[in-house]
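Understanding the architecture of this molecule
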Amino acid sequence: MSEQDSSKTNSAWGGRFSEQTDAFVEQFTASVEFDQRMYKQDLAGSRAHARMLSKIGVLSKDDLTAILDGLDSVEHEIENGMFDWSVAKEDVHMNIESRLTELVGDAGKRLHTGRSRNDQVATDIRLYLRDNIADIIALIKQLQSGLLDLAEAESDTILPGFTHLQVAQPVSFGHHMMAWFEMLSRDASRFEDCSARMNISPLGAAALAGTSYPIDREMTAKEMGFDAPANNSLDAVSDRDFAIEFCSAAAILLTHMSRMSEEMVLWSSAQFDFIELPDRYCTGSSIMPQKKNPDVPELVRGKTGRVNGHLICLLTLMKSQPLAYNKDNQEDKEPLFDTIDTVTGCLRAFADMVPAIQCKHANMYRAAKQGFSTATDLADYLVRKGVAFRDAHEIVGKAVAYGLETDKDLGDMELAELQQFCEVISKDVFDVLTLEGSVAARNHIGGTAPKQVRAAVKKARKTLKT
Ligand code: ARG
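Only a predicted model underlies this, so the values are computations on that prediction, with no experimental measurement involved.

So, the overall build of the protein
Along its length, the protein carries 21 helices and 6 strands. Here the protein has a C-alpha radius of gyration of 31 Å; the compact-globule value for 466 residues is 23 Å, and the former is much larger. For the protein, with 466 residues in total, the buried portion stands at 49%. A sequence separation of at least 24 residues applies to 74% of the contacts in the protein between residues at least 6 apart. Carbon and sulfur atoms make up 52% of the accessible area of the protein, which totals about 22,500 Å².

Structure (structure tokens):
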């Protein structure tokens, strides 16, 4: 093809083409608008690849120096807003390579020896995700650390525990916060697992089959902080299971955060009135002057939908794809990046907001006293006095019915009133009918006794540090 003809087509692959890409197709197939955020990882991969090529004698020392200096200049230009990203150059990889060649000449054209954009992009996404997972885990731990402080400070605070959203038994607010803590511990470990499984290097898989150069994949893997080179070139360039796994961990995390959000929304309503959220995390209404809306937890609850959507998107993207790389995979980035941004944003908000929750102790206490929350304690008391549990259940049920009629909680009844239901009841019954007695009695590992909550906090502090 003549000089003139080749200038009409793409310089990276235009050799066999005789007409220019349709302008719409060029725009349609480009990914640079969203994949440029992986520029740092792309540069890191190129540096590792260039060093390796030089070590095996495929690149001269001079070429290596030129390439490394050129990549530094490219980085400087990008970070200072001086880089001219071009849709005509399709993606982050070709934008950087083409600018490198402008800067350093022929050495730049040699960088792509023994490499393809297929292994390049598979490498870049893994590096990018690995960095972001580390940040996400750090944010989860920050939130957890705040939860531990809150749980400890509020270990003696009593609120109603619910089943079916009906008052069930009194629990410690600290215990409730430790339940959130546990969910987040599993979330963090899911991200850790995902990161560990993902941390293998696709570089060297080239387009799909590997390359005829005597490349040193161990070297590039090590240089980029991967645990090992990927075992199979076809698999390495094609699978995006790690992205699916990440989105799955993210969807579960957001599901947990939506549950926490829902509780904060309920608790801050006038009907519950259990907590005060910091003003800086709420907004007002333009028409109703009295309103203080829990916008942040509501938004986090809502954002769960988009993260779930991204998971389905990636599963569907991967489904039925034949080996090896297919252009479909370019569609992995936007859902993945948006998941990262969404999760990071939600965690950032929670890490600051949740530990600042203020408990309205009197309201929680009053609510826990309603709804016969110590009924199980009365039944357990009767069992200790020799009554069979099923009989005890029946007796307490009758006492509750009487309480409903007379508008009295169990703890508000006179001894004589309680004795109408069972004569074994004596004065010591009032020790178990108080809320404090009820929670203190659940004094075993994982129970809601404030003593156990403080022990759980202590143990958790140690695991969080390691
Ligand atoms: N922009 C592409 C992607 O995100 C890079 C790999 C393209 N490879 C190819 N042979 N077209 O997947």
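Examining empty space enclosed by the protein
With the rule as written, the count across this model stands at 1 cavity of 30 Å³ or more. Taken as a whole, the largest cavity spans an internal volume of roughly 30 Å³.

Focus on the site of the ligand
Around the ligand, the surrounding shell consists of Ser 31, Asp 91, His 93, Arg 117, Asn 118, Val 121, Tyr 325, Gln 330 and Lys 333. Between a nitrogen atom of the ligand and a side-chain N or O atom of Gln 330, the distance comes to 2.8 Å. Here the ligand has 340 Å² of accessible area as a free molecule, and 86% of this is covered by the chains. Classifying every residue of the shell around the ligand gives 2 nonpolar, 4 polar and 3 charged.

Considering the nonpolar core
Nonpolar side chains in soluble globular proteins tend to be buried together. Core analysis: the largest hydrophobic core is formed by 91 residues, its most contacted members being Trp 180, Phe 191, Phe 246 and Met 264. Sequence-distant contacts of Phe 246, that is, excluding residues within four places in its chain, are made with Leu 129, Ile 133, Ile 136, Phe 191, Cys 194, Leu 336, Thr 339 and Ile 340. If you look at the next biggest cluster of nonpolar residues, it comprises 21 residues, including Leu 378, Leu 418, Cys 422 and Val 429.

Examining the pattern of salt bridges
Under the counting rule described, the total for this entry stands at 34 salt bridges. A salt bridge links Asp 106 to Lys 109; the shortest N-O distance between them is 3.6 Å. In this pair, Asp 106 and Lys 109 both sit in helix α7 (residues 106-110), 3 residues apart, roughly one turn of the helix. Given a relative accessible area of 46%, Asp 106 falls into the partly exposed group. Accessibility expressed as a relative area gives 58% for Lys 109, which makes it exposed. Here Asp 279 ties to Lys 292 by a salt bridge, and the two come within 2.7 Å at their closest N and O atoms.

As for helix α5 (residues 61-79)
The terminal C-alpha atoms of α5, which comprises 19 residues, lie 27 Å apart, in line with the 27 Å expected from a rise of 1.5 Å per residue. On the buried face of α5, the contacting elements are α4 (39-55), α6 (92-104) and α7. Looking one or two residues beyond α5, the residue adopting positive phi is Gly 81, at roughly 70°.

Structural notes on the packing of helix α9 (residues 173-198) against helix α12 (residues 241-267)
Between α9 and α12, the least distance of the axes is 9 Å, while the angle of their chain directions is 170°. In terms of orientation, α9 and α12 fall into the roughly antiparallel class. Between α9 and α12 lies a crossing whose hand is left-handed. For the contact of α9 with α12, the class distribution of residues is 17 nonpolar, 2 polar and 7 charged.

Focus on a nonpolar patch on the surface
Nonpolar side chains collect at one region of the surface, where Phe 24, Val 25 and Phe 28 lie side by side and expose about 340 Å² of accessible area between them. Counting through the fold element by element, Phe 24 comes out in helix α2 (residues 23-29).

A short note on the confidence of the model for the protein
Looking at the protein, pLDDT values average 95 and 98% of them are 70 or higher. Here residues 1-6 is a poorly scored stretch, pLDDT under 50, and it has 5 contacts once near neighbours within four places are set aside; other chains count.

Some points on the layout of surface pockets
The calculated volume of the largest pocket comes to roughly 1,000 Å³. Along the wall of the largest pocket there are 38 residues; nearest its centre are Asn 10, Ala 12, Trp 13, Met 94 and Arg 117. Breaking the lining of the largest pocket down by element, the ones donating at least two residues are α2, α6, α7 and α8 (117-153). A per-element tally of the lining of the largest pocket places α6 first, with 6 residues.

Section: the side chain of Asn 132
Position of Asn 132 among the secondary structure elements: in helix α8. Here Tyr 128 takes part through its backbone oxygen, which lies 2.8 Å from a polar atom of the side chain of Asn 132.

Quick word on unusual backbone geometry
A cis amide bond, omega 0°, links Leu 323 with the succeeding residue Ala 324. You can see Ala 324 is positioned in the loop between α13 (295-318) and α14 (333-353). The phi torsion at His 164 lies on the positive side, around 55°, for a residue other than glycine. Within the fold, His 164 resides in the loop between β1 (158-163) and β2 (166-172). With a phi close to 55°, Asp 273 is a non-glycine residue in the positive phi region. Here Asp 273 lies in the loop between α12 and β5 (275-276). For Asp 273, a relative accessible area of 26% puts it in the partly exposed group.

Regarding the environment of Leu 315
You can see Leu 315 is positioned in helix α13. Leu 315 gets classed as partly exposed once you look at its relative accessible area, which sits at 40%. C-alpha separation for the pair Leu 315 and Asn 231, spaced 84 residues apart in sequence, amounts to 23 Å.

Describing the pairing of β1
Note: β1 against β2, 6 bridges, orientation antiparallel. Bridge pairing links Thr 163 to Gln 166 in β2. Between β1 and β2, which pair antiparallel in sequence order, lie 2 residues; one of them, His 164, sits at a positive phi of approximately 55°.

Some words on the packing of aromatic side chains
Enumeration according to the criterion identifies 9 aromatic pairs in this entry. Geometrically, the ring pair formed by Phe 83 and Trp 85 is tilted, given 4.4 Å between the ring centres and 50° between the ring planes. For Phe 83, a relative accessible area of 9% gives the class buried. Each ring, one from Phe 162 and one from Phe 272, has its centre 5.8 Å from the other, and the planes form 65°; the classification is edge-to-face. Note that Phe 162 is positioned in strand β1 and Phe 272 in the loop between α12 and β5, a separation of 110 residues in sequence. The rings of Phe 162, Phe 272 and Phe 274 are connected pair by pair, giving a single aromatic cluster.

What counts, and at which threshold
- Residues numbered from 1 in each chain as written.
- Predicted model: local features only at pLDDT ≥ 70, side-chain atom pairs only at ≥ 80, totals over all residues.
- Heavy atoms only, no water.
- Helix = DSSP H or I, 4+ residues; strand = E, 2+ residues; numbered from the N terminus.
- Rg over C-alpha atoms; globule rule 2.2 N^0.38 Å.
- Buried < 20%, exposed > 50% of the residue type's maximum accessible area, 1.4 Å probe, protein only.
- Contact = heavy atoms within 4.5 Å.
- Areas by Shrake-Rupley, 256 points an atom, 1.4 Å probe, with all protein chains shown as cover.
- 1 Å grid on protein atoms, 1.4 Å probe; cavity = no way out; pocket = protein on both sides within 12 Å on 5 of 7 lines; lining within 4 Å.
- Points joined across faces, edges and corners; volume = space filled by probe spheres on them.
- Near = heavy atom within 4 Å.
- Polar contact = N/O pair within 3.5 Å; in protein donor to acceptor, adjacent residues only side chain to side chain.
- Nonpolar A, V, L, I, M, F, W, Y, C, P; charged D, E, K, R; others polar.
- Core = buried A, V, L, I, M, F, W, Y, C linked by side-chain atoms within 4.5 Å.
- Salt bridge = Lys/Arg side-chain N within 4 Å of Asp/Glu carboxyl O.
- Expected span 1.5 Å × (residues − 1).
- Axes fitted to C-alpha atoms, helices over the stretch in contact; angles between N-to-C directions.
- Parallel < 35°, antiparallel > 145°, perpendicular 65-115°, else oblique.
- Left-handed = near helix turned anticlockwise from the far one by under 90°.
- Patch = residues over 30% accessible without salt bridge, like charges linked within 9 Å, V, L, I, M, F, W, Y side chains within 5 Å.
- pLDDT = per-residue confidence, 0-100.
- Pairing = 2+ DSSP bridges.
- Phe/Tyr/Trp six-rings, centres within 6.5 Å; stacked < 30°, edge-to-face > 60°.

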